[in-house]
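Listed here are the chains, written in short residue letters.
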Number of protein chains: 2
Amino acid sequence: MADDYQVQPINGNGTVTETPKPLLELYVKASGIDARRIGADLFCQEFWMELYALYEIGVARVEVKTVNVNSEAFKKNFLGAQPPIMIEEEKEATYTDNREIEGRIFHLAKEYNVPLFEKDPSVEKRIENLYRNFKLFLRAKVDFDKGKKIPSTIDEMPANIKVHYNRVCEQLSNIDQLLGERNSRYLLGDSMTEYDCELMPRLHHIRIIGQSLLGFDIPHNFTFLWNYVMTAYRTAAFIESCPADQDIIHHYKEQLNLFTNQRETLQSPTKTHTIPDRVLTDIRNKGLAPDVNVH
Amino acid sequence: MADDYQVQPINGNGTVTETPKPLLELYVKASGIDARRIGADLFCQEFWMELYALYEIGVARVEVKTVNVNSEAFKKNFLGAQPPIMIEEEKEATYTDNREIEGRIFHLAKEYNVPLFEKDPSVEKRIENLYRNFKLFLRAKVDFDKGKKIPSTIDEMPANIKVHYNRVCEQLSNIDQLLGERNSRYLLGDSMTEYDCELMPRLHHIRIIGQSLLGFDIPHNFTFLWNYVMTAYRTAAFIESCPADQDIIHHYKEQLNLFTNQRETLQSPTKTHTIPDRVLTDIRNKGLAPDVNVH
């Protein structure tokens, strides 16, 4: 699979110009189900989204390729490096390190005045431990639920797991509050920044894995947060780079050493990019997301 | 294996103070030969060296643990994250991303005025593509030598491999020149910086893999460069974090899909931390490295 975002810039008068734009190739981890499909690596999606932002405004050409990290061809070509890997053939550069990849994207964003890397310590603080805490909750609850056909409910969870559960909910609530105060489409304002490229994929994983493995959902009363999730589902950079539900579930099951059933491996890949009806009503009632408010 | 660098600060009067120093745990990739031994991951060694620098001057406590990335226990604990992984239990923080790890080390270095991250664009430019070019040379030559008992000599290499060979030598020569001009122990001066943490392990890999798989050595006339390699072999941060020759060779053979013989897997691990006699004489004659100049 190779998504090719090459476009040629068009002048005001409609003629095609020959501005040399850098071509950035991003190698992302393939799904364990099918190497032609996108896998659920969070860093891969994060950089893909950032690159998409550069592509959208015509700063760079971007090509994305999925790679099977277990294949001999991949190992030999990249000698131990792991995706995400970015290549810029023109500069004979291979960026195999997240620091280098971000450094290059940062440089391009700066050069073209793209506000992708604006800093906001209070946003940073609110989002930084969410995913770690979710993983602690996930591991503890999956262990506890071992052998059960249906995940335990919140009331059935022992105190040591409830601690993790409460922490995740508290943090989601903090982000919901922040979004309510800011009342903006993205975390920092009207345009997407690296914080969104970090948070959106993580929230989506929390949602998909919560539902499929934990009997957990992002609480429905977090209207601002759900509105933000809906924004993700309407952001091209997110949609394009988002793995299918099955590939996300498969990724976590592999890590958790859980049995992968045929539901995931044989199903046609689907993407849950809708939000619960009740939440949608709340969003409308609060007058958020004007585009869903049209009757 | 767990190297524990915990030390308690001692006052001028010899009493132990109770300054709370952050405890940083670094999880590094284990060797494919023996999970208790350090593997040859370059990013792991780079961060280990940086952490060692902080430990040495008493800024942080550091514990290093090797992890077998293929074990179910590791997968489940870290859910897809790959080493290097840094944990700071006190802050409930897990840094799974090179950007985050470096960010934390950077912050600590800044707080305590450790000049670990001084910038020097000309140094950056000279070292940046060396390892990539070495890997291109390695891959091409190993392919060409397939089935041969002894690696081909420089004269026997076809032009398309010689191109890579020349590029590596040219770059090594540029670094040799830079070191000659600066005439300093490390790249930027008397103390180690992140550039050294990046270059030293890579030069060592080039040396070990060059000798064992390519019939190649860092040219002996690059006296300043060899003197720098010798500095690495006398720098505690490098020595402590350095994998054994066998583990380095095994790492590359795995990636290149080459047969690993019992020489590597059964031998007691050894570390080549000496430099060729002829080079040592040249270093002495040039009056470099005063500590080897004593008779």
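Our subject is the structure that appears above.
Now for a look at the structure at hand. All figures in this text were calculated on a predicted structure; none of them were measured in a lab.

## A short note on the overall build of chain A
Here comes step 1: Along its length, chain A carries 12 helices and 5 strands.
Here comes step 2: In terms of overall dimensions, chain A has C-alpha extents of about 65 × 50 × 35 Å along its principal axes.
Here comes step 3: The 295 residues of chain A split such that 54% are buried.
Here comes step 4: For chain A, contacts bridging at least 24 residues in sequence account for 72% of all contacts bridging at least 6.
Here comes step 5: Carbon together with sulfur atoms contributes 49% to the accessible area of chain A, which is approximately 13,600 Å² in total.
Here comes step 6: Across chain A, the 35 positively charged side chains and the 43 negatively charged ones have centroids separated by 6 Å.

## Description of the packing of aromatic side chains
Residue and element names in this part refer to chain A.
Here comes step 1: Under the criterion given, the structure shown has 16 aromatic pairs over all chains.
Here comes step 2: The interplanar angle of 90° and the centroid separation of 5.9 Å between the aromatic rings of Tyr 165 and Phe 216 together place this pair among those described as edge-to-face. You can see Tyr 165 sitting in helix α6 (residues 159-182) and its partner Phe 216 sitting in the loop between α7 (194-214) and α8 (223-233), a full 51 residues away along the chain.
Here comes step 3: Overall, Tyr 165 belongs to the buried group, its relative accessible area being 14%.
Here comes step 4: Judged by relative accessible area, which is 5%, Phe 216 ranks as buried.
Here comes step 5: Between the aromatic rings of Tyr 233 and Phe 238, the centroid separation amounts to 5.9 Å while the plane-to-plane angle is 45°, which identifies the pairing as tilted. Phe 238 shares its class with Tyr 233; the two are buried.
Here comes step 6: An aromatic cluster is present here, built from Tyr 27, Phe 74 and Phe 78 joined pairwise through their rings.
Here comes step 7: The lysine or arginine in question, Lys 148, covers the ring of Phe 144, its NZ or CZ lying 3.8 Å from the ring centre.

## A short note on the interface of chain A and chain B
Here comes step 1: Contact with chain A, which involves 31 residues of that partner, is made by 32 residues of chain B.
Here comes step 2: Counting the surface lost from both chain A and chain B, the interface buries some 3,200 Å², and carbon and sulfur atoms represent 43% of this.
Here comes step 3: Among the residues chain A hides against chain B, the three largest losses belong to A:Lys76, A:Leu79 and A:Arg99. Together they make up 26% of the total.
Here comes step 4: Our count for the chain A to chain B interface comes out at 10 salt bridges.
Here comes step 5: B:Lys76 is the partner of A:Asp143 in a salt bridge, and the nearest nitrogen-oxygen pair spans 2.7 Å.
Here comes step 6: Summed over the shared surface of chain A and chain B, the number is 22 residue pairs in polar contact (both at pLDDT 80 or more).
Here comes step 7: Residue assignment for the side of chain A that touches chain B shows that the elements contributing at least two residues are α1 (42-56), α2 (72-78), β5 (93-95), α3 (98-111), α5 (130-145) and α10 (245-255) of chain A.

About the thresholds
Residues numbered from 1 in each chain as written. Chains lettered and ligands numbered in written order. Predicted model: local features only at pLDDT ≥ 70, side-chain atom pairs only at ≥ 80, totals over all residues. Heavy atoms only, no water. Helix = DSSP H or I, 4+ residues; strand = E, 2+ residues; numbered from the N terminus. Buried < 20%, exposed > 50% of the residue type's maximum accessible area, 1.4 Å probe, protein only. Contact = heavy atoms within 4.5 Å. Areas by Shrake-Rupley, 256 points an atom, 1.4 Å probe, with all protein chains shown as cover. Lys, Arg positive; Asp, Glu negative; His and termini not counted. Charge placed at Lys NZ, Arg CZ, Asp CG, Glu CD. Phe/Tyr/Trp six-rings, centres within 6.5 Å; stacked < 30°, edge-to-face > 60°. Lys NZ or Arg CZ within 6 Å of the ring centre and 35° of its normal. Buried area = accessible area lost by both parts, 1.4 Å probe. Salt bridge = Lys/Arg side-chain N within 4 Å of Asp/Glu carboxyl O. Polar contact = N/O pair within 3.5 Å; in protein donor to acceptor, adjacent residues only side chain to side chain.

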